[in-house]
Amino acid sequence: MLTQNDVIRFFTDQLEAWPEVRDRFDALDDVLNRRIDIDGFPVTITHNPSRIRSSAAKVDKASIAARPCFLCDANRPAEQRHLDWEGYRILVNPFPILPQHFTITAREHRPQSIAGAIGDMTSLALLLPDFAIFYNGPACGASAPDHFHFQAVRREPLPMMSADTLPMGVVRLTGDEATQQCVDAVLARLPHEDGEQEAKVNIFCTAVGGVPVLTIIPRRRHRPDFYGEDGMLVSPASIDLAGVMVAARPEDFDKFTPETIRSIYSQLCFTQAELNTMLNDIIKQ
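Residues numbered from 1 in each chain as written. Predicted model: local features only at pLDDT ≥ 70, side-chain atom pairs only at ≥ 80, totals over all residues. Heavy atoms only, no water.

Participant: Help me get a handle on the environment of G231, residues and values and all.
Facilitator: Within the element layout of this structure, G231 appears in the loop between β10 (211–218) and α7 (238–241). Taking the C-alpha atoms as reference points, G231 and D252, 21 residues apart in sequence, are found 8.2 Å from one another. (Helix = DSSP H or I, 4+ residues; strand = E, 2+ residues; numbered from the N terminus.)

Take a look at the structure:
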């Protein structure tokens with residue numbers, strides 16, 4: 001049976017065999033970081049140039065159709081090994097945001113959709129109790145919305161995991177509530193755009209004392225209105241909303257202010273009061 005220690009050993013072995021990616025992980029020790037407090041919530045801004053691939057990713061249907069899927073076995077770099085788990089490949093993320101950053105991809109090529117996958121997510125959290133497993137919806141920061149995947153990072157660096165107050169509304173489902181049925185009930189009540197199969201969400205799963213905890217972050221939109229070459233190439237996904245905001249360009253790192261961060265949360269997320277109203281019979285007051 002696979003254990004967390006097996007996964008960590010795999011991580012170490014992979015970096016030994018892939019110097020280019022080992023250098024990117026080593027470079028995390030030297031990236032520029034600064035902290036901005038948002039009403040008691042500590043947000044870390046990190047300048048990580050390697051993440052420009054994700055921040056600037058074109059995720060429209062035409063762009064996706066024109067490129068090979070970089071998560072499929074046949075298209076991954078020869079140096080990228082995998083660890084099999086259930087119907088997934090555990091991979092070291094070659095463009096890390098935080099130390100020990102993994103991508104867990106479905107073996108088969110299928111769209112990014114959380115439908116039917118919550119049980120796998122909670123099982124992963126129990127397998128990796130020191131990690132946060134997260135899901136970026138297809139229009140919520142996923143740079144590969146055509147191939148289903150989770151990601152995992154160490155939970156300690158994420159402010160959301162220990163903060164008493166959050167700058168956005170969330171739905172928490174714990175223990176027996178952390179099920180596909182409960183998640184489906186939440187998603188069914190959230191706003192959907194025309195033609196959208198899944199409400200916009202980012203989802204975290206952790207294991208606390210052997211009990212799975214799901215944190216759902218419902219979203220209003222994909223990117224802030226100042227996104228772009230002339231504004232900021234900031235495309236917030238799960239890690240950003242959890243309190244580690246990535247600036248791939250130095251000019252974007254310098255543009256982050258308390259007002260910028262508040263604008264990101266207000267444009268992309270709902271308030272807790274709004275969620276309580278939408279989900280008044282689901283969220284425990």
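Participant: If you had to explain the packing of helix α1 (residues 4–17) against helix α2 (residues 19–27) to someone new, which residues and values would you point to?
Facilitator: Each packed pair of helices is defined by two parameters, the angle between the axes and the distance between the axes. Orientation of α1 relative to α2, taken along the N-to-C sense of each, is 115 degrees, at an axis distance of 5 Å. Counted together, F11, L15, E16 and A17 of α1 and P19, V21, R22 and F25 of α2 form the full contact between these two elements. For the contact of α1 with α2, the per-class residue count stands at 6 nonpolar, no polar and 2 charged. (Axes fitted to C-alpha atoms, helices over the stretch in contact; angles between N-to-C directions. Contact = heavy atoms within 4.5 Å. Nonpolar A, V, L, I, M, F, W, Y, C, P; charged D, E, K, R; others polar.)

Participant: Tell me about the sheet that holds strand β3 (residues 83–85), and please be specific about residues and values.
Facilitator: Strand pairs in the sheet, formed through backbone hydrogen bonds, run parallel or antiparallel to each other. An order of β3-β4-β5-β7-β6-β9-β10-β8 is seen for the 8 strands of this open sheet, with the pairing classed as antiparallel. Taken across any chain shown, the strands that pair with only one partner, and hence form the sheet edges, are β3 and β8 (171–174). If you compare each strand with its neighbour and ignore which way they point, the axes differ by 25 degrees on average. As paired strands, strand β9 (residues 201–208) and β10 are joined by 8 bridges and run antiparallel to one another. The residue bridging V201 from the neighbouring strand is P218, located in β10. Of the strands in this sheet, β3, β4 (88–92), β5 (102–106), β6 (131–136), β7 (149–154), β9 and β10 touch helix α5 (residues 118–127), which is tilted by about 40 degrees from β9. (Pairing = 2+ DSSP bridges.)

Participant: Give me the pattern of salt bridges: which residues, what numbers.
Facilitator: According to the stated counting rule, one finds 16 salt bridges in the structure shown. In this structure, D39 and R262 form a salt bridge, with 3.3 Å as the shortest nitrogen-oxygen distance. Taken together, the residues D39 in the loop between β1 (32–38) and β2 (41–47) and R262 in helix α9 (residues 258–268) connect sequence positions 223 residues apart. Residue D84 pairs with R107 through a salt bridge whose shortest N-O separation is 3.7 Å. Here D84, found in strand β3, pairs with R107, found in the loop between β5 and α5; they are 23 residues apart in sequence, far enough to count as distant. Residue classification places D84 among the partly exposed residues on the basis of a relative accessible area of 40%. Each of the salt bridges in this network shares a partner with another, and the network as a whole consists of D73, R76, D84, R89 and R107. (Salt bridge = Lys/Arg side-chain N within 4 Å of Asp/Glu carboxyl O. Buried < 20%, exposed > 50% of the residue type's maximum accessible area, 1.4 Å probe, protein only.)

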